[in-house]
Amino acid sequence: MEYKYLMYSHLLTVVPCIFIGAYLLAVKKGTPFHKLLGKIYMSLMMITAVITLFMPAYVGTQFLNHFGYIHLFSFLTLYSVPTAIIAVKKGQIKKHKLKMIFLYFGAIVIAGGFTLTPGRFLHTFFFGN
């Protein structure tokens, strides 16, 4: 299978999340626009998490000849998004807010930082071999 298509699909879904998530964290909460963008952000995050589960880990330790430590962020996303939606629907706004902050910094900032390590595609793309 050609994994580069998965990688490009992942980038197509996650790059908007960098900007949408930062915007959502910075603006007034609870507005109709916040809710709309939140639904888009959550959908893109779920799609990108599922895509990454099909991408094999080429850097670092592998588990089951496929998964690496970076996949823990996929599972973080697959857990955080639904539980954050449940929290907000129950009116547990503080819980929702914390989950969204941890999701953004875990799955976007930290995981994104790991994609810039040597041996990964984005490191090669930005810095060469």
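Sequence order as written defines the numbering, with residues in each chain counted from 1. Local features in a predicted model are, by the rule used here, given only for residues with pLDDT of at least 70; side-chain atom pairs are given and counted only at 80 or more, and totals for whole chains, interfaces and linings are based on all residues. As a convention, hydrogens and water are excluded, and side-chain values are obtained from all of the structure's heavy atoms.

Our focus in this paragraph is the packing of helix 1 (residues 3–26) against helix 4 (residues 93–114). Packed helices, taken two at a time, are described by their axes: the angle between them and the distance between them. Axis definition: a line fit to C-alpha positions, over the contact stretch in the case of helices; interaxial angles, taken between N-to-C directions, run 0 to 180 degrees. Secondary structure counts use DSSP, requiring at least four H or I residues in a row for a helix and at least two E residues in a row for a strand, with both numbered from the N terminus. Relative orientation of the contacting elements helix 1 and helix 4 amounts to 145 degrees, with a least axis distance of 11 Å. Every pair of crossing elements has a handedness; the one defined by helix 1 and helix 4 is left-handed. On the side of helix 1, the interface is formed by Val14, Cys17, Ile18, Gly21, Ala22 and Leu25, while helix 4 contributes Ile101, Tyr104, Phe105 and Ile108. Looking at the contact of helix 1 with helix 4, its residues break down into nine nonpolar, one polar and no charged. Helix crossings get a hand from a simple test, with the near helix turned counterclockwise from the far one by less than a right angle marking a left-handed crossing and a clockwise turn marking a right-handed one. Contacts are assigned to residue pairs with any non-hydrogen atoms lying within 4.5 Å of each other. In this classification, the charged set is Asp, Glu, Lys and Arg, the nonpolar set is Ala, Val, Leu, Ile, Met, Phe, Trp, Tyr, Cys and Pro, and all remaining amino acids, among them Gly, are polar.

The next thing to look at is the packing of aromatic side chains. Any Phe, Tyr or Trp ring, taking Trp's six-membered ring, that has another such ring centre within 6.5 Å forms a pair; planes under 30 degrees apart are called stacked, those over 60 apart edge-to-face, and the others tilted. By the definition in use, this model includes five aromatic pairs. Measuring from centroid to centroid gives 6.2 Å for Tyr23 and Phe33, while their planes differ by 80 degrees, and the two rings are edge-to-face. In this pair, Tyr23 is assigned in helix 1 and Phe33 in helix 2 (residues 32–53), connecting sequence segments 10 residues apart. The buried label applies to any residue whose accessible area, calculated with a 1.4 Å probe on protein chains only, is under 20% of its type's maximum; exposed applies above 50%, and partly exposed to all values in between. Under the relative-accessibility criterion, Tyr23 is labelled partly exposed at 39%. Phe33 gets classed as partly exposed once you look at its relative accessible area, which sits at 46%. Ring centres 6.1 Å apart and planes at 45 degrees place the aromatic pair Phe73 and Phe114 in the tilted group. Of this pair, Phe73 sits in helix 3 (residues 71–89) while Phe114 is found in helix 4, placing the two residues 41 residues apart along the sequence. The exposure class of Phe114 is partly exposed, given its relative accessible area of 39%.

So, on to the layout of surface pockets. With a 1 Å grid laid over protein atoms only, a set of points is called a cavity when a 1.4 Å probe fits there but cannot get out and a pocket when it is open yet has protein on both sides within 12 Å along at least five of seven lines; lining residues have an atom within 4 Å of a point. Grid points are joined across faces, edges and corners, and a volume is the space filled by probe spheres set on the points. Size it by volume and the largest pocket reaches roughly 830 Å³. If you trace the largest pocket, you find 33 residues lining it, with His10, Met55, Ile70, Thr115 and Arg120 closest to the centre. Of all the secondary-structure elements, those providing two or more residues to the lining of the largest pocket are helix 1, helix 2, helix 3, helix 4 and helix 5 (121–127). For the lining of the largest pocket, the leading source of residues is helix 1, giving eight residues.

Fair warning: the whole summary comes from geometry, so function is off the table for now.
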